[in-house]
Amino acid sequence: MDPYNLLDAVDISNQIPSSFYSQMESKKWSERKEALEVIEKITAVPKIKNADFNELVRILKKTIAKDANVVVVQSAAKCLCQLAQGLRYDFAPHSNSSLSTIFEKFKEKKPHVITVLREAADAAFIGTNLENIFEDVIQLLDNKNPQIKSEMCLFLARTFARFPAQVMNKRTLRPLVNALIKTLSDMDATVRDNSAMAIGTAMKVSGEKLMMTLIADVEPIKLPKIKEFCEKAQVKKIPKAALNAMNNNPAPQAAPQSNHAPPRNSSATMVRSTSNRRLTVTSAKPATQRTQPAAPPAPSSNATVKRNATIIKRSTAPKRSIAPASSQQNLQHQQQQQQQQQHQQQQ
C-alpha cells in the first residue's frame, strides 16, 4: 500500500498570507522571493488537502513563465512542485496548463533551475497522461531550441519508465516514436542521445519486436545506441489490469451457457441449415430406409412368345372405321328421305 494514502491531509489554504498576492506584484525581486519562501514552507508537507488553489497556481505559473530573475523562477517552480506532490491526483485540474508552462521554460540553461523544473514537471504529470499532452510534446520536440528538445526527450524517458502502461497506449506510442525518430538526426549531440534514451526506454517496456516495427526506417548505425539504453533502462512492471484499461481492451468473458444446450452424453448433433440459417437438432442415428417391393419375376420363354404373337396379331388386324356421330346422323336422314320418296311414288 502507498504510504501516501495513510497520511492525514493538511489544510494549507488558510495559511497563505493575505499579502502574498500583492508582494508578488512588487518590482523588487527580493520581495517576490520573500513571498515565495512562505509558500515553500507551507507546501512542504507530504499530503495537502484539496482546496481552491486556482489563484495560487496562476501566480506561480506566471512567475515561472515571465519573471526575469532566475532565483524567483526557481522558487516558484519549487512551490508548484511541492503543491503538485502534496495534491497528487487532486492537482489534475492544473496539470496540463502547468506542464505547458514548464515545458516552455526548459529553454533555461541554469542547471539548478532546470533540475527544479524537471521535478515540477514529473510531479504535475501525475494528474494527467500522455494522451492529454502528446500533441504539445510532439510540437516541442520540433522546437528550434535544442535545449527544449533535449529536455522533452528526457521527460519522455522518465515518463516511460515511471508509467509504463502509458507506453502501451497505441493512440500515443506511434506518433511519439515518430517524433523521436526525427530528433535522432538532430545536429545537437545531446538531443540525439536523449532521443535514443527515450526510444530505448519505450523499447524496454513494449518489447523489441514491437518497437522494431515502429523504428524500421531508422538507420542501422543508430540502433546499437537505442538498444544500449534499452538494456540500462529500469522500468516499473505493468499491472495487467492497468494495461487492459489503458488500451480499452478488457479481457473477453466466457459466454453464458444456454439452458437448452443438449446434454454431454446425448447423441444429438447440431446441423446448420443453409436455407434458413438456423440451428436444428437432428438425431445422430441413421434414418430407417423404406423397403421397396421386389420386382416380379421375369416371364418364361413360352409365355413371352405367346405374348409377342398376340401383340402382332392385334397390330395387323383391320381396324374398323368409326365415323363420327355427325356423319351417321346425316346418313340416317338421307335414308329416311329416300324411303319417303319411294313411298310417295308407290301411292
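Please read all numbers here as calculations on a predicted model, not as lab measurements.

Undergrad: Looking at this structure, how should I read the layout of surface pockets?
TA: A water-sized probe rolled over the atoms picks out the places where empty space is left. Reported here for the second largest pocket is a volume of approximately 150 Å³. Taken together, Ile-138, Leu-141, Asp-142, Lys-149, Asn-178, Ala-179, Lys-182, Thr-183 and Asp-186 make up the lining of the second largest pocket. Where the lining of the second largest pocket is concerned, the elements lending two or more residues are helix H7 (130–141) and helix H10 (170–183). Partitioned by chemical class, the residues of the lining of the second largest pocket number three nonpolar, two polar and four charged.

Undergrad: Sorry, what's going on with the side chain of Lys-33 here?
TA: In this fold, Lys-33 is placed in helix H2 (residues 29–42). At 2.8 Å, the side chain of Lys-33 forms a polar contact with the side chain of Glu-37. What Lys-33 contacts, discounting residues up to four positions off in sequence, is Glu-40, Val-71, Val-72 and Ser-75.

Undergrad: Even after reading the chapter, I still don't get the side chain of Glu-151, so can you show me in this structure?
TA: Residue position: Glu-151 is located in helix H8 (residues 146–162). For Glu-151, the side chain forms a polar contact with the side chain of Arg-118, separated by 2.7 Å. For Glu-151, the residues in contact, after removing those within four places along its chain, are Phe-106, Ile-114 and Arg-118.

Undergrad: Where do I start with helix H6 (residues 111–125) in this structure?
TA: Each full turn of the α-helix corresponds to 3.6 residues, which orients residues three or four apart in the same direction. When the terminal C-alpha atoms of H6 are compared, their 21 Å separation across 15 residues agrees well with the 21 Å that a helix rising 1.5 Å per residue should span. Where H6 is concerned, the buried positions are Val-113, Ile-114, Val-116, Leu-117, Ala-120, Ala-121, Asp-122, Ala-123, Ala-124 and Phe-125.

Undergrad: Is there a simple way to think about the pattern of salt bridges in this case?
TA: Tallying each qualifying case throughout the model produces 13 salt bridges. Close ionic contact of Asp-2 with Arg-88 constitutes a salt bridge, the shortest N to O distance being 2.5 Å. In this pair, Asp-2 is assigned in the segment before helix H1 (20–23) and Arg-88 in the loop between helix H4 (70–87) and helix H5 (92–104), connecting sequence segments 86 residues apart. Assessed through its relative accessible area of 31%, Asp-2 is described here as partly exposed. When its relative accessible area of 23% is taken as the criterion, Arg-88 is described as partly exposed. As a salt-bridge pair, Glu-228 and Lys-232 come within 3.1 Å of each other at their nearest N and O atoms. With Glu-228 and Lys-232 both in helix H13 (residues 223–232), this residue pair falls four residues apart, about one helical turn. According to the relative accessible area criterion, Lys-232 is exposed, its value standing at 56%.

Undergrad: Explain the packing of aromatic side chains to me, please; I cannot follow it from the model alone.
TA: Aromatic rings considered in pairs are described by the distance between their centres and by the relative angle of their planes. The tally for this structure, following the rule as stated, stands at five aromatic pairs. Ring plane angle 75° and centroid distance 5.1 Å describe the contact between Phe-20 and Tyr-21, whose orientation is recorded as edge-to-face. Under the relative-accessibility criterion, Tyr-21 is labelled partly exposed at 28%. Aromatic rings pair up to connect Phe-103, Phe-106, Phe-125, Phe-155 and Phe-163 into one cluster. Of note, Lys-47 hangs over the ring of Tyr-4, and the distance from its end group to the ring centre comes to 5.0 Å.

Undergrad: Is there a simple way to think about the environment of Asp-188 in this case?
TA: Take Asp-188: it is sitting in the loop between H10 and helix H11 (189–206). Residue Asp-188 is classed as partly exposed on the basis of its relative accessible area, which comes to 28%. Residues Asp-188 and Gln-147 lie 41 residues apart in sequence; the distance between their C-alpha atoms is 9.2 Å.

Undergrad: Explain the packing of helix H3 (residues 54–66) against H4 to me, please; I cannot follow it from the model alone.
TA: Packed helices, taken two at a time, are described by the angle between their axes plus the distance between the axes. Interhelical geometry of H3 versus H4 gives an angle of 145° and a closest axis separation of 8 Å. At the point where H3 passes H4, the crossing takes the left-handed sense. Only Val-72, Val-73, Ala-76, Ala-77, Cys-79, Leu-80 and Leu-83 of H4 make contact with H3, whose side of the interface consists of Leu-56, Val-57, Leu-60, Thr-63 and Ile-64. Residues that form the contact of H3 with H4 fall into these classes: eleven nonpolar, one polar and no charged.

Undergrad: Explain the nonpolar core to me, please; I cannot follow it from the model alone.
TA: Looking at soluble globular proteins, one finds that nonpolar side chains tend to be buried together. Counting 75 residues, the largest nonpolar core has Phe-103, Leu-156 and Ile-215 as its most contacted members. With ten residues, H4 is the single largest residue contributor to this core. Looking at this core, you find at least three residues from each of domain 1 (1–128) and domain 2 (131–248).

Undergrad: Please explain the environment of Asp-52 as it appears in this structure.
TA: For Asp-52, the location among the structural elements is in the loop between H2 and H3. At 3.0 Å, the side chain of Asp-52 and the side chain of Asn-54 are in polar contact.

Undergrad: What should I look at first to understand the packing of H2 against H4 in this one?
TA: The N-to-C vectors of H2 and H4 enclose an angle of 20°; their axes lie 9 Å apart at closest approach. Relative to H4, H2 is oriented roughly parallel. The handedness of the crossing between H2 and H4 comes out as left-handed. The segment H2 lies against H4, with Trp-29, Arg-32, Lys-33, Leu-36, Glu-37, Ile-39 and Glu-40 engaging Val-71, Val-72, Ser-75, Ala-76, Lys-78, Cys-79 and Gln-82. Its residues assigned to classes, the contact of H2 with H4 comprises seven nonpolar, two polar and five charged.

Undergrad: I tried to follow the confidence of the model for the chain on my own but got confused; where do I start?
TA: Overall, the prediction assigns the chain a mean pLDDT of 80, with 68% of residues at 70 or greater. Element-level pLDDT for the chain is lowest in strand E1 (residues 269–272), with a mean of 38, against a maximum mean of 98 in H4. Note on residues 245–306: pLDDT is under 50 here. Beyond four places in sequence and across chains, it has 30 contacts. Between residues 315–326, whose pLDDT stays under 50, and residues either more than four places distant or in other chains, the model counts one contact.

Calculation notes
- Residues numbered from 1 in each chain as written.
- Predicted model: local features only at pLDDT ≥ 70, side-chain atom pairs only at ≥ 80, totals over all residues.
- Heavy atoms only, no water.
- 1 Å grid on protein atoms, 1.4 Å probe; cavity = no way out; pocket = protein on both sides within 12 Å on 5 of 7 lines; lining within 4 Å.
- Points joined across faces, edges and corners; volume = space filled by probe spheres on them.
- Helix = DSSP H or I, 4+ residues; strand = E, 2+ residues; numbered from the N terminus.
- Nonpolar A, V, L, I, M, F, W, Y, C, P; charged D, E, K, R; others polar.
- Polar contact = N/O pair within 3.5 Å; in protein donor to acceptor, adjacent residues only side chain to side chain.
- Contact = heavy atoms within 4.5 Å.
- Expected span 1.5 Å × (residues − 1).
- Buried < 20%, exposed > 50% of the residue type's maximum accessible area, 1.4 Å probe, protein only.
- Salt bridge = Lys/Arg side-chain N within 4 Å of Asp/Glu carboxyl O.
- Phe/Tyr/Trp six-rings, centres within 6.5 Å; stacked < 30°, edge-to-face > 60°.
- Lys NZ or Arg CZ within 6 Å of the ring centre and 35° of its normal.
- Axes fitted to C-alpha atoms, helices over the stretch in contact; angles between N-to-C directions.
- Left-handed = near helix turned anticlockwise from the far one by under 90°.
- Core = buried A, V, L, I, M, F, W, Y, C linked by side-chain atoms within 4.5 Å.
- Domains from an automatic or database assignment.
- Parallel < 35°, antiparallel > 145°, perpendicular 65-115°, else oblique.
- pLDDT = per-residue confidence, 0-100.

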